[in-house]
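# Report on the structure
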Amino acid sequence: MIQLSPRGQAVYQLLSLVVALLLLFGVGFLAAATDLLPTRPLDDLLDSARVESFTERVFQLAILSAYVSGGIMMAGAGMSRRSALWLRRIWTALAIVSVILGPFDFDLALDLALALALLYTLAASQRNVEASVFFRLWQSGLALIVVSILAPHPLEDRALEAMGAFRLQVAFPIAGLSLMFWLMRRYSLVEEDWARDGARIVALLVFLGGSLISLGRLGLPPVASLGATALIPLCYIILAGHSYRALSSRNENASLAPHWVAAATFFWLVGGGFLGALSIQPGISEAMRGTDLAAAQDWLAGWVNLAIALAFVNESASSLRGDNRRVTGFTPLWLITFGAGLATILLTCRGVAQITLRDVAAVEEAAQAALLLPLTTVWIVCLLAVAAGIVIYALGFWLRRSPVRVVES
């Protein structure tokens, strides 16, 4: 049995919510993947557009639930026990409602509910007047996420794509960086001042690099895109340098948080640095639209944020349980990391093949699915590996749960 304060219990319950939503996310992306098969086996049962929308919503809720629980932990006594308990209730209720209404066309209402929940979270955190740099960065990230959730509704076409990229490349990562640098002080020997300064620098670089990638969806002038080609990779290389310093000076912490941070850093380098620089070239950006090459970039950007969320779940669960050991084991880490990475490679190959078939061979879209079947099959196998990793992660988290006794102090 573990003893937790009411605030600690709220965090622990939110961690369990993250793991439950992660399972639903795995079911969702597997169901959405079958839509790319020539036979479309689930086409008569499921609306592919609704499945994709539901999966994206569950994905957002899983990450945001981790971020909210991270905010409660970073705030400490600066956030009242009442606020922490209400946040747990609000996010649990929002998750249940979103899962029930997600398969139906209630996107605007659910987005409004999500934005209101985030605004309440920000309001509850304002009491922490002596907050750290990490906490202020977390607040800034949540504010950007609110904007990125509400802004797309009146937008269309390229502007809608650009705002979606901004949410994945800027808003979510800024909030994630706050947790990433806060976690560094728990698993690494880096100095407090270095972590604070590094958080500020890297946040500015991610904002710059992610904003350029987002603007690339609108179309940058050739001169601007040429300059950004070198600037974007540099931003993420500096980020990787900060991450490496913390990873190379580990303390006695035995959780797998640094391993998940390493995975997020690698995904950042590939998805942000390489694919980001590639996607802002005017000709390439135009060719990528509507293909799996753009989907590969978004997929990897999503896993950056999810990997940081899983790092926080591992470290926080280990800390709250009071046992300095791994919470979920290495198997889900390897399955998810390599599965997501190989799935990105397969999506990239599919995207290049789609562009070739469409623009060079002039093959009809209806015939492309059959020609791309070998790549699609291997891609789905990679997704099955990711899904298996998610299931093992959830089992490891829940099987190692201990009864909780709530104490006032």
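Check the entry above for the structure.
Now for a description of the structure that goes with this document. Just so it is clear, the model here is predicted, and its values are computed rather than measured.

## Digging into the overall build of the chain
On a plain count of helices and strands, the chain comes out with 14 helices and 2 strands. The C-alpha radius of gyration of the chain comes to 21 Å, within 12% of the 22 Å expected for a compact globule of 409 residues. Judged by the C-alpha coordinates and their principal axes, the chain covers about 70 × 50 × 40 Å. Within the chain, counting contacts between residues at least 6 apart in sequence, those at least 24 apart form 83% of the total. Carbon and sulfur atoms make up 66% of the accessible area of the chain, which amounts to about 16800 Å² in all. Looking at the chain, you have 28 positive and 27 negative side-chain charges, and the mean spots of the two groups are 13 Å apart.

## Some details on the side chain of Ser98
Mapping Ser98 onto the fold places it in helix α3 (residues 81–101). When its relative accessible area of 5% is taken as the criterion, Ser98 is described as buried. Those residues in contact with Ser98, other than ones at most four positions away along the chain, are Phe54, Arg57, Leu61 and Leu110.

## Some details on the environment of Ile63
Here Ile63 lies in helix α2 (residues 48–75). What makes Ile63 buried here is its relative accessible area of 0%. Sequence-wise, Ile63 and Ile308 are 245 residues apart; in three dimensions their C-alpha atoms are separated by 8.6 Å.

## A few points about the layout of surface pockets
Reported here for the second largest pocket is a volume of approximately 230 Å³. Around the second largest pocket, the lining is made up of 13 residues, and of these Phe266, Val270, Gly341, Leu342 and Ile345 lie nearest the centre. If you list the elements that add at least two residues to the lining of the second largest pocket, you get α9 (257–279) and α12 (330–360). No other element matches the 7 residues that α12 contributes to the lining of the second largest pocket.

## Looking at the nonpolar core
In this structure, Leu15, Trp91, Leu118, Ile145, Leu177, Trp260 and Trp303 are the most contacted members of the largest nonpolar core, which totals 124 residues. Beyond its immediate chain neighbours, meaning those up to four positions away, Leu15 contacts Ser69, Phe312, Val313, Ser316, Ala317, Leu320 and Phe397. Among the nonpolar cores identified, the runner-up in size contains 5 residues, and Ala287, Met288, Leu293 and Ala294 belong to it.

## Notes on the side chain of Gln169
Tracing the backbone through its elements, the reader meets Gln169 in helix α6 (residues 157–187). Ignoring sequence-local partners within four residues, the contact set of Gln169 consists of Val206, Gly210, Ile213, Ser214, Tyr236, Gln297 and Ala301.

## A word on the packing of α3 against helix α4 (residues 107–125)
Look at α3 against α4: their axes get within 11 Å of each other, and the N-to-C directions meet at 170°. Between α3 and α4, the interaxial angle falls into the category roughly antiparallel. Contacts from Ser83, Trp86, Leu87, Ile90, Trp91, Leu94, Val97, Ser98 and Leu101 of α3 reach α4 at Leu110, Ala113, Leu114, Ala117, Leu118, Tyr120, Thr121 and Ala124. Classifying every residue of the contact of α3 with α4 by side-chain character gives 14 nonpolar, 3 polar and no charged.

Analysis parameters
- Residues numbered from 1 in each chain as written.
- Predicted model: local features only at pLDDT ≥ 70, side-chain atom pairs only at ≥ 80, totals over all residues.
- Heavy atoms only, no water.
- Helix = DSSP H or I, 4+ residues; strand = E, 2+ residues; numbered from the N terminus.
- Rg over C-alpha atoms; globule rule 2.2 N^0.38 Å.
- Contact = heavy atoms within 4.5 Å.
- Areas by Shrake-Rupley, 256 points an atom, 1.4 Å probe, with all protein chains shown as cover.
- Lys, Arg positive; Asp, Glu negative; His and termini not counted.
- Charge placed at Lys NZ, Arg CZ, Asp CG, Glu CD.
- Buried < 20%, exposed > 50% of the residue type's maximum accessible area, 1.4 Å probe, protein only.
- 1 Å grid on protein atoms, 1.4 Å probe; cavity = no way out; pocket = protein on both sides within 12 Å on 5 of 7 lines; lining within 4 Å.
- Points joined across faces, edges and corners; volume = space filled by probe spheres on them.
- Core = buried A, V, L, I, M, F, W, Y, C linked by side-chain atoms within 4.5 Å.
- Axes fitted to C-alpha atoms, helices over the stretch in contact; angles between N-to-C directions.
- Parallel < 35°, antiparallel > 145°, perpendicular 65-115°, else oblique.
- Nonpolar A, V, L, I, M, F, W, Y, C, P; charged D, E, K, R; others polar.

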